[in-house]
Amino acid sequence: MAGWDLVIVAGVLVAYATVSRRLSGTVITAAIVFVVVGYVFGSEGLDIFQTGLGSSAVRHLAEVTLALVLFSDASSINTRALIGEAGMPARLLGIGLPLTIVIGAAVAIPLFPSLTLVEALVLAVLLAPTDAALGQAVVSDKRLPSRLRQGLNVESGLNDGLCVPILFAALAAAEYDEDLDSGSGVLVDLVKEIGVAVAVGVAVAVVVVALARHSLRRGWIEQRWIQILPVAAAAISYAATVELGGSGFIGSFVAGLIYGRLFESRPTESALLIEDLGDVLSATTFLVFGALVIGPAITDLDISTVVYSVLSLTVVRMVPVGVALIGSTKSLPTMLFTGWFGPRGLASIVFMLTVLQESGLNGTPKIVQVTSFTVLLSVFAHGMTASPLTDLYVRRSGVQA
């Protein structure tokens, strides 16, 4: 970060920390605070923040943040319960995700005539992954059925990684001005990325936990260093998976899932650092997002962008979820609740930065604007409704999912 940027970020972190408990449980989430403060310091406000959106440091920050958050979230999942509750995430990922991309692209074509078919698909892929961190009040609320909480958590942990090969296939097709590669080609890439990610994630988690257990039995490791283990495991699983041609985000999530299962005897003391670090980096990412992206996104805002963003968070998300859950639940509140809590956040930001820095699409400015406004809308809409709608769902449904 250049100039006063680090001072601004650190100062805002200090300020938020001093009122964090006061804001806890309110509709004012950390993401809302940091996006707004970032906008104030950005080009459309005080114009103090100097780091550019095209900076590789910004993209690396978002990628590292997402990898840590995915590992942390996965390590908190009850894998024993998940085995018997795998139906919901499987439906959301296998049926809901492809439908979301298809409908998202279909809606974009008439709203944005300047975008090509492939560019509309790229936009749809950018906004397909969900971010459970923006609805943390939902996935962490024990009043909700485990099936629902873990379904949303697993969905958000895996859908971004699943979108990676689709995104790069679309970018490659756009770059060479050809039709999309055959479905079999995308499928092969997807299977390869998932296979490498699962293998690396499992291997890293098993080795780290085996070393930790060996050291603990002999009293070789200091208690404070136990917290370093998940951070290091997340970093290794992400970087190694990427280097081997897999999806680093899926690698991080799988590693966290296995790590939490094997090291469950010490979940609290092991997870403290990675949870805190994930929160700090998430806050920093949203501050940078607010400073660099929001101003340009809303300066030339048009009705088509607003309409698409609203549809992306409602119809484009909720219809596929409803279709995916047919036969698995008869509860309309559960379908609506699951459909609504598909916030867009870190993964969409990471993908947007990838498109901005690595593609030469003519429609990039529009894609960036629509993605940015949708994420902004999601930060406020999902952040402010998480607690109230959870309370309403519990009262109305009697927590029968």
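About the cut-offs
Residues numbered from 1 in each chain as written. Predicted model: local features only at pLDDT ≥ 70, side-chain atom pairs only at ≥ 80, totals over all residues. Heavy atoms only, no water. Helix = DSSP H or I, 4+ residues; strand = E, 2+ residues; numbered from the N terminus. Rg over C-alpha atoms; globule rule 2.2 N^0.38 Å. Buried < 20%, exposed > 50% of the residue type's maximum accessible area, 1.4 Å probe, protein only. Contact = heavy atoms within 4.5 Å. Lys, Arg positive; Asp, Glu negative; His and termini not counted. Charge placed at Lys NZ, Arg CZ, Asp CG, Glu CD. Salt bridge = Lys/Arg side-chain N within 4 Å of Asp/Glu carboxyl O. Core = buried A, V, L, I, M, F, W, Y, C linked by side-chain atoms within 4.5 Å. Expected span 1.5 Å × (residues − 1). Axes fitted to C-alpha atoms, helices over the stretch in contact; angles between N-to-C directions. Parallel < 35°, antiparallel > 145°, perpendicular 65-115°, else oblique. Patch = residues over 30% accessible without salt bridge, like charges linked within 9 Å, V, L, I, M, F, W, Y side chains within 5 Å. Areas by Shrake-Rupley, 256 points an atom, 1.4 Å probe, with all protein chains shown as cover. Left-handed = near helix turned anticlockwise from the far one by under 90°. Phe/Tyr/Trp six-rings, centres within 6.5 Å; stacked < 30°, edge-to-face > 60°. Lys NZ or Arg CZ within 6 Å of the ring centre and 35° of its normal.

(A) Here's a closer look at the overall build of the chain. Broken down by element type, the chain carries 18 helices and 0 strands. Against the compact-globule benchmark of 21 Å for 401 residues, the chain has a radius of gyration of 20 Å, which places it among compact chains. With respect to the three principal axes, the spread of C-alpha positions in the chain is 65 × 55 × 45 Å. Within the chain, the fraction of its 401 residues that count as buried is 53%. Long-range contacts, defined here as pairs at least 24 residues apart, represent 84% of the contacts in the chain between residues at least 6 apart. Both charge centroids of the chain, one from 22 positive and one from 29 negative side chains, sit 17 Å from each other.

(B) Structural context of the environment of Val138. Looking at the secondary structure, you find Val138 in helix 7 (residues 136–139). Along the chain, Val138 and Ala255 lie 117 residues apart, while their C-alpha atoms are 23 Å from each other. Contact partners of Val138, with chain neighbours within four places excluded, come to Leu144, Arg149, Leu152, Phe337, Phe341, Ala386 and Thr390.

(C) Structural view of the pattern of salt bridges. All chains considered together, the criterion is met by 5 salt bridges. The salt bridge involving Arg317 is made with Glu155; its shortest N-O contact spans 2.6 Å. Taken together, the residues Arg317 in helix 15 (residues 315–324) and Glu155 in helix 8 (residues 146–175) connect sequence positions 162 residues apart. Given the relative accessible area of 3%, Arg317 is considered buried. Across the pair Asp302 and Lys366 runs a salt bridge, and its minimum N-O distance is 2.7 Å. A residue pair is termed long-range when its members are at least 10 positions apart, and Asp302 in the loop between helix 13 (267–299) and helix 14 (303–313) and Lys366 in helix 18 (residues 364–397) qualify at 64 residues. Lys366 sits in the buried class, given a relative accessible area of 19%.

(D) Structural view of the nonpolar core. Ranked by internal contacts, the top residues of the largest apolar core, which has 102 residues, are Val122, Leu123, Phe286 and Tyr308. For this core, the element with the most residues is helix 13, which contributes 11 residues. In this structure Tyr308 touches Gly104, Val107, Ala108, Leu111, Phe112, Leu123, Ala124, Leu127 and Val370, once residues within four positions along its chain are discounted. Grouped together as the second largest cluster of nonpolar side chains are 17 residues, Leu144, Leu148, Val321 and Phe341 included.

(E) Layout of helix 11 (residues 228–243). Its 16 residues give helix 11 an end-to-end C-alpha distance of 22 Å, which sits within 8% of 22 Å, the value for a rise of 1.5 Å per residue. Every buried residue belonging to helix 11 is among Leu229, Pro230, Val231, Ala233, Ala234, Ser237, Tyr238 and Thr241, and all of these are buried.

(F) Structural view of the side chain of Thr65. Inspection of the secondary structure assignment puts Thr65 in helix 3 (residues 56–75). The residues contacting Thr65, other than those within four sequence positions of it, are Gly278, Leu281, Ser282, Thr285 and Leu346.

(G) Highlighting the packing of helix 6 (residues 117–126) against helix 17 (residues 346–358). Relative orientation of the contacting elements helix 6 and helix 17 amounts to 150 degrees, with a least axis distance of 9 Å. As far as their axial angle goes, helix 17 and helix 6 are roughly antiparallel. Taking contact as the criterion, the partners of Val122, Val125 and Leu126 in helix 6 are, on helix 17, Ser348, Phe351, Met352 and Val355.

(H) Layout of a nonpolar patch on the surface. Together, Trp4, Val7, Val36, Val40, Leu46 and Ile48 make up an exposed nonpolar region whose accessible area comes to about 540 Å². The topology assignment puts Val7 in helix 1 (residues 5–23).

(I) The arrangement of the packing of helix 17 against helix 18 in detail. Close contact between helix 17 and helix 18 brings their axes to 10 Å; oriented N to C, the two are set at 165 degrees. Considering the angle they form, helix 17 stands roughly antiparallel to helix 18. Helix-helix and strand crossings are classified by hand; for helix 17 and helix 18 the assignment is left-handed. From helix 17, Ser348, Ile349, Met352, Val355 and Leu356 reach across to helix 18, where they touch Thr364, Val368, Thr371, Ser372 and Val375.

(J) Expanded view of unusual backbone geometry. Positive phi is not limited to glycine here, since Asp47 has a value of about 55 degrees. Inspection of the secondary structure puts Asp47 in the loop between helix 2 (30–41) and helix 3. Overall, the relative accessible area of 52% leaves Asp47 in the exposed class.

(K) Summary view of the packing of aromatic side chains. Counting across every chain of the model gives 7 aromatic pairs. Arranged with centres 4.8 Å apart and planes meeting at 55 degrees, the rings of Phe337 and Phe341 form a pair that is tilted. Accessibility expressed as a relative area gives 6% for Phe337, which makes it buried. Under the relative-accessibility criterion, Phe341 is labelled buried at 5%. An aromatic cluster is built from Phe71, Tyr259 and Phe263, whose rings are joined through pairwise contacts. Just above the ring of Trp220 sits the side chain of Arg218; from NZ or CZ to the centre is 5.9 Å.

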